[in-house]
Amino acid sequence: MALTVGYEVDEGVAVLSLQNPPVNALGIALRRDLLAAFETALADRSVRVIVLIGQGKLFCAGGDISEFGKPFKAPWVPELFNTVEQSTKPVIAAIHGAALGGGMELALACHYRVCEARARIGFPEVSLGLLPGAGGTQRAPRLCGAETALELMITGKSVAAGSGAARVFFDLIVKEGLREAAMTFAQRLVEKGLPVRRTRDARNGLKDAAAYQTAIAKWRKRLGKGGAEAPGEILRCVEAAALLPFDVGMAFERAAFDTLEQSETSRALRHVFFAENKVAKIPEAKAGHARALEQIGVIGGGTRGAGLVALSLMAGFEVVLVEKDAPSLARALTRLRRLLDRAVSRGQLSALRRDGIEALLHGKTDMVALSEADLVIVAAGGDALEQGQIFAQLDAVVKDGAVLASASPFADIGALAERTGCAEDVLGLHFSLPTQMSDLVEVAVGPASGADAVVTATTFARKLGKVPVRVLGVPGRIGGRLMAAYQAAADRLVMSGALPQEVDRAMRRWGMALGPYQLADVMGLERVLARQEECGHDRRVALLRALIKDGRLGRKTSKGWYRYDADGGRVDPEVAAMIASLRGQTGGGSFPDESDIQRLCLAAMANEGARMVEEGHVMRPGDIDVAMIRGFAFPRWRGGPMQAADSAGLLSLRNLLRTCAQDGDAFWRPVNLLDDLIKNGRHFSDLNG
Ligand code: 3HC
């Protein structure tokens with residue numbers, strides 16, 4: 001079996017190179033090989049110094065995340081690093097690319113550190129619901145103090161090794177020629193007879209006890225009560241580093257790490273890490289090539305269209321915006337300018353670039369202006385008929401190889417493609433609203449969409465800073481369908497005894513930023529109704545229709561599910577009366593409690609997600625999780641609706657759906673996939689590949 005650690009000796013220096021592509025993660029094979037290589041180097045009397053270096057694009061990306069939550073296999077990372085630190089021969093870490101999490105902790109366990117200035121270092125464990133659990137919370141503060149350690153560990157952000165406070169970790173920072181620099185450094189250690197220098201004995205970072213305590217107090221205040229577990233545990237461990245002997249601090253860190261590793265939150269966040277990597281793995285990526293993209297065409301300058309134009313301009317593309325007439329174009333340009341100004345005020349665009357950016361824009365009222373566009377996005381045309389006409393007209397004006405995309409969530413891509421002579425270049429690009437804030441783009445692939453067109457569209461989405469998720473080009477997108485199912489569950493709960501504010505409170509406490517009714521008021525009730533109808537919930541919208549009939553359209557009319565004044569939204573007794581009257585007609589129900597509310601909303605979303613997987617609409621349940629987190633503010637720490645359903649227990653959710661389906665409404669019937677998973681003792685996560 002190939003070794004994951006290379007070993008060579010060069011003039012008394014043993015060079016141990018980590019060779020575990022793609023990111024030199026500290027999996028069991030690498031840990032065993034590294035330990036064996038160390039033992040060899042220690043036993044070899046010709047070796048005076050040991051250099052640890054990474055092969056490939058980076059030094060080491062840390063612990064192997066796929067091993068977390070599974071039974072422990074020796075040597076465990078902290079013990080391995082202790083062996084490195086205890087070495088009687090000096091050990092130098094030579095860092096290029098990145099040293100993250102356990103990778104940085106490995107470097108800290110070495111006696112000296114040499115790095116490339118542009119290498120990224122950091123402790124991203126917090127984003128996995130973890131803490132640096134291989135001595136990071138104990139060693140780093142001994143070198144850099146509490147402020148830098150907490151900043152790095154609680155934010156999880158990486159920084160350039162050669163920048164600011166990060167420099168404190170390194171003995172030598174070079175622009176290039178890392179290996180040569182590390183070898184020269186090693187020879188100098190030998191010549192000068194410099195001893196091992198263990199970070200566990202370092203005091204520099206602890207010297208200023210007052211500054212240390214001030215940093216702890218500042219972060220404690222910032223974190224406040226409650227909140228995520230990992231940041232609080234990091235704070236406690238860093239505090240312990242100054243109070244406890246090193247070995248006791250290590251045991252303290254280990255206990256905290258073990259607890260976090262077993263938590264639902266960390267399990268969910270680890271799932272999201274892998275799901276976000278997998279979402280890019282689409283069949284077209286293997287076969288297709290991205291075409292050159294310079295000029296983007298956008299038809300329609302409404303909310304979505306103007307947002308797309310703004311994003312494209314900000315990404316540096318030349319844009320042709322086409323509207324149906326001069327007044328519509330003028331309105332679209334006003335909308336666009338507002339968006340650009342807002343981007344400046346949010347810091348997404350510099351004032352300097354804002355001044356020049358409109359030079360890249362051509363506002364037109366004739367589709368002929370799109371003849372040179374490389375990608376045209378149709379953000380106009382409400383219904384299928386109108387969209388079809390636009391695609392047929394476009395076909396006559398665009399150049400060969402231009403990709404034609406519909407921005408509508410209800411577009412049937414196959415049908416649109418038939419209106420053109422270039423079916424392989426037609427697909428959907430559905431940007432979630434608000435386009436500036438949401439990360440999600442659903443790339444809808446029709447039966448004839450070609451690999452090049454799909455790869456070109458996903459590349460475009462990434463250039464705009466978005467996360468593309470591949471879906472089938474049939475009407476309805478992930479977000480729309482799951483949010484519609486969520487709303488249907490909420491409405492059912494209200495009809496059976498809960499009040500809108502109770503549903504909202506329960507779902508906020510579960511982790512959603514807004515409850516479904518607060519969100520509906522923000523979106524506008526007419527838009528919500530349109531979505532519910534388009535997603536086939538016509539028979540579940542009686543209440544919504546009653547509110548709209550009463551002129552309650554949401555925040556924009558100062559009343560919807562709530563009533564709004566200058567002080568914000570408040571519960572409206574008139575809505576309660578309308579609900580009571582409708583319940584009277586349908587017989588009312590059973591006063592669900594908070595957990596009933598949360599479970600039914602989750603069951604409805606997961607069942608709809610399962611339906612989409614079953615239909616082949618999405619490739620994996622994990623893609624749904626990514627879409628809901630990136631596009632619909634689903635709490636990341638819950639891992640997305642499919643992962644949350646796995647955690648909640650598929651059997652109990654299925655039984656809940658069955659109970660609801662007893663009234664004969666097919667929407668509530670658990671889909672076959674759910675039954676199959678339960679029968680086979682499997683979970684949605686088993687389908688992610
Ligand atoms: N463990 C397992 N797999 C990992 C990994 C890790 N730490 N880091 C990356 N990978 C995998 C990815 O899943 C991906 O796999 P795939 O090809 O099968 O999809 C592959 O490596 C390549 O990763 P990317 O596509 O993300 O590569 P990039 O070049 O875009 O990014 C990176 C490289 C910046 C290192 C990025 O992968 C990253 O951020 N990785 C995670 C780093 C991290 O969180 N480290 C902490 C781990 S926990 C830890 O160390 C605990 C310790 O304290 C005990």
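Please read all numbers here as calculations on a predicted model, not as lab measurements.

Describe in detail the packing of aromatic side chains, supporting the description with residues and values.
Using the criterion set out here, one finds ten aromatic pairs in the structure. Ring centres of F667 and W668 lie 4.8 Å apart, and the angle between their planes is 75 degrees; on these two criteria the pair is classed as edge-to-face. In this pair, the class of F667 matches that of W668, namely buried. Here the aromatic residues F68, F72, W76 and F257 are joined through ring pairs into a cluster of three or more.

Could you give an account of helix 18 (residues 500-510), naming the residues involved and the relevant values?
Every buried residue belonging to helix 18 is among P500, V503, D504, A506, M507 and W510, and all of these are buried. The buried residues of helix 18 occupy an angular sector of 165 degrees when projected down its axis, which confines them to one face. Directly after helix 18, the chain includes G511, whose backbone phi takes a positive value near 130 degrees.

Describe the sheet that holds strand 5 (residues 98-100), and please don't skip the residues or the numbers.
Read from one edge to the other, the open sheet built from three strands follows the order 5-7-8, with strand pairing classed as mixed. Two strands bound the open sheet, and with one partner strand each, they are strand 5 and strand 8 (159-160). Strand contacts of helix 3 (residues 102-109): strand 5 and strand 7 (120-122), with the helix running at about 95 degrees to strand 5, the strand carrying the most contacts.

Please provide a residue-by-residue account of unusual backbone geometry, values included.
What you tend to see is this: most non-glycine residues have negative phi, and most peptide bonds are trans. Cis geometry is adopted by the peptide bond preceding P22, which originates at P21 and carries an omega value of 5 degrees. In this fold, P22 is placed in the loop between strand 2 (13-18) and helix 1 (28-43). The peptide bond linking L433 to P434 adopts the cis configuration, its omega dihedral lying at -15 degrees. Relative to the helices and strands, P434 is located in the loop between strand 15 (426-431) and strand 16 (440-445). One non-glycine residue, N24, lies in the positive phi region at around 55 degrees. Take N24: it is sitting in the loop between strand 2 and helix 1. The buried category is assigned to N24, whose relative accessible area is 2%. Residue A633 is not a glycine yet carries a positive backbone phi of 55 degrees. Assessed through its relative accessible area of 48%, A633 is described here as partly exposed.

Please give an account of the environment of L525 that cites residues and values.
When you line up the elements, L525 lands in helix 20 (residues 525-534). Using a relative accessible area of 0% as the deciding quantity, one classes L525 as buried. Sequence spacing of L525 and G560 is 35 residues, and the spatial spacing of their C-alpha atoms is 7.2 Å. Those residues in contact with L525 that lie beyond four places of it in its chain are A520, L544, L547, I548, R552, L553, G554, G560 and W561.

So what's going on with the UniProt feature "domain: 3-hydroxyacyl-CoA dehydrogenase NAD binding" (unreviewed entry) in the protein chain? Residues and values would help.
This chain's UniProt record puts "domain: 3-hydroxyacyl-CoA dehydrogenase NAD binding" (unreviewed entry) on residues 295-471. Between the end C-alpha atoms of residues 295-471 there is a gap of 25 Å, over a span that is 41% helix and 22% strand.

Account for the side chain of S432, with residues named and values stated.
The residue S432 is located in the loop between strand 15 and strand 16 in this model. The exposure class of S432 is buried, given its relative accessible area of 3%. Not counting residues within four places of it along the chain, the set of residues in contact with S432 comprises R304, S438, L440, G631 and F632.

Tell me about the domain arrangement of the protein chain, residues and numbers included.
What the domain assignment lists for the protein chain is domain 1 (5-262), domain 2 (293-473) and domain 3 (480-687). Just the C-alpha atoms count here: the centres of domain 1 and domain 3 sit 45 Å apart.

Kindly report on the environment of P22, identifying the contributing residues and their values.
The class for P22 is exposed, based on a relative accessible area of 62%. Considered as a pair, P22 and R570 are 548 residues apart in the sequence and their alpha carbons are 53 Å apart.

Can you explain the packing of helix 4 (residues 136-155) against helix 7 (residues 229-243)? Please cite residues and give values.
Two numbers describe how helix 4 lies on helix 7: the axes approach to 9 Å, and their chain directions differ by 150 degrees. One element, helix 4, and the other, helix 7, form an angle in the roughly antiparallel class. At the point where helix 4 passes helix 7, the crossing takes the left-handed sense. For the pair formed by helix 4 and helix 7, the contact residues are T137, Q138, P141, R142, A146, L150, M153 and I154 on the first element and P231, I234, L235, C237, V238, A240 and A241 on the second. When its residues are assigned to classes, the contact of helix 4 with helix 7 shows twelve nonpolar, two polar and one charged.

Report on the sheet that holds strand 10 (residues 295-299), specifying residues and quantitative values.
An order of 12-11-10-13-14-15-16-17 is seen for the eight strands of this open sheet, with the pairing classed as mixed. In the strand order of this sheet, the two ends are held by strand 12 (361-364) and strand 17 (467-472), each with one partner. On average, each strand axis in the sheet is inclined to that of its neighbour by 25 degrees, with strand direction left out of account. By the bridge criterion, four bridges tie strand 10 to strand 13 (residues 375-378) in an arrangement that is parallel. Within strand 13, the residue paired with V298 across the bridge is I377.

So what's going on with the side chain of D425? Which residues, and what values?
Looking at the secondary structure, you find D425 in the loop between helix 15 (413-418) and strand 15. Setting aside residues no more than four positions away along its own chain, D425 makes contact with R291, G401, A402, V403, L404 and A453.

Break down the UniProt feature "domain: 3-hydroxyacyl-CoA dehydrogenase C-terminal" (unreviewed entry) in the protein chain for me, with residues and values.
Feature annotation in UniProt places "domain: 3-hydroxyacyl-CoA dehydrogenase C-terminal" (unreviewed entry) on residues 478-564 and 601-682, given in this structure's numbering. Between the end C-alpha atoms of residues 478-564 the distance is 31 Å, and the span holds 63% helix and 3% strand. In this annotation, residues 601-682 is assigned 66% helix and 0% strand; the end-to-end C-alpha distance for the span is 22 Å.

Outline the pairing of strand 1 (residues 5-10), listing residues and values.
Bridge count for strand 1 against strand 2 is six bridges, and the pairing is antiparallel. Paired with G6 across the two strands is S17, which belongs to strand 2. Between the end of strand 1 and the start of strand 2, which pair antiparallel, lie two residues, with E11 showing a positive phi angle near 45 degrees.

Explain the site of the ligand to me, and be specific about the residues and the numbers.
Taken together, the neighbourhood of the ligand is formed by 25 residues, with K57, G63, G102, E105 and E125 sitting nearest. Backbone polar atom of G63 to an oxygen atom of the ligand: 2.8 Å apart, as the coordinates give it. In the environment of the ligand, a nitrogen atom lies 2.9 Å from a nitrogen or oxygen atom belonging to the backbone of I65. For the ligand, whose free accessible area comes to 990 Å², the fraction covered by protein is 73%. Mapped onto the shell around the ligand, the elements with two or more residues apiece are helix 3 and helix 9 (264-278). The element that contributes the greatest number of residues to the shell around the ligand is helix 9, accounting for three residues. In the shell around the ligand, the residues fall into 14 nonpolar, six polar and five charged.

How would you summarise the state of the cysteines if you had to cite specific residues and measurements?
Covalent bonding between the sulfur atoms of two cysteines is what defines a disulfide. The full count for this structure, using the stated rule, is zero disulfides. No disulfide involves C660; its sulfur sits 11 Å from that of C601, the nearest cysteine. Using a relative accessible area of 6% as the deciding quantity, one classes C660 as buried.

Definitions and limits used
- Residues numbered from 1 in each chain as written.
- Predicted model: local features only at pLDDT ≥ 70, side-chain atom pairs only at ≥ 80, totals over all residues.
- Heavy atoms only, no water.
- Phe/Tyr/Trp six-rings, centres within 6.5 Å; stacked < 30°, edge-to-face > 60°.
- Buried < 20%, exposed > 50% of the residue type's maximum accessible area, 1.4 Å probe, protein only.
- Helix = DSSP H or I, 4+ residues; strand = E, 2+ residues; numbered from the N terminus.
- Arc of directions from axis to C-beta.
- Pairing = 2+ DSSP bridges.
- Contact = heavy atoms within 4.5 Å.
- Axes fitted to C-alpha atoms, helices over the stretch in contact; angles between N-to-C directions.
- UniProt positions renumbered as here; feature names shortened; annotations may be inferred.
- Domains from an automatic or database assignment.
- Parallel < 35°, antiparallel > 145°, perpendicular 65-115°, else oblique.
- Left-handed = near helix turned anticlockwise from the far one by under 90°.
- Nonpolar A, V, L, I, M, F, W, Y, C, P; charged D, E, K, R; others polar.
- Near = heavy atom within 4 Å.
- Polar contact = N/O pair within 3.5 Å; in protein donor to acceptor, adjacent residues only side chain to side chain.
- Areas by Shrake-Rupley, 256 points an atom, 1.4 Å probe, with all protein chains shown as cover.
- Disulfide = S-S within 2.5 Å.

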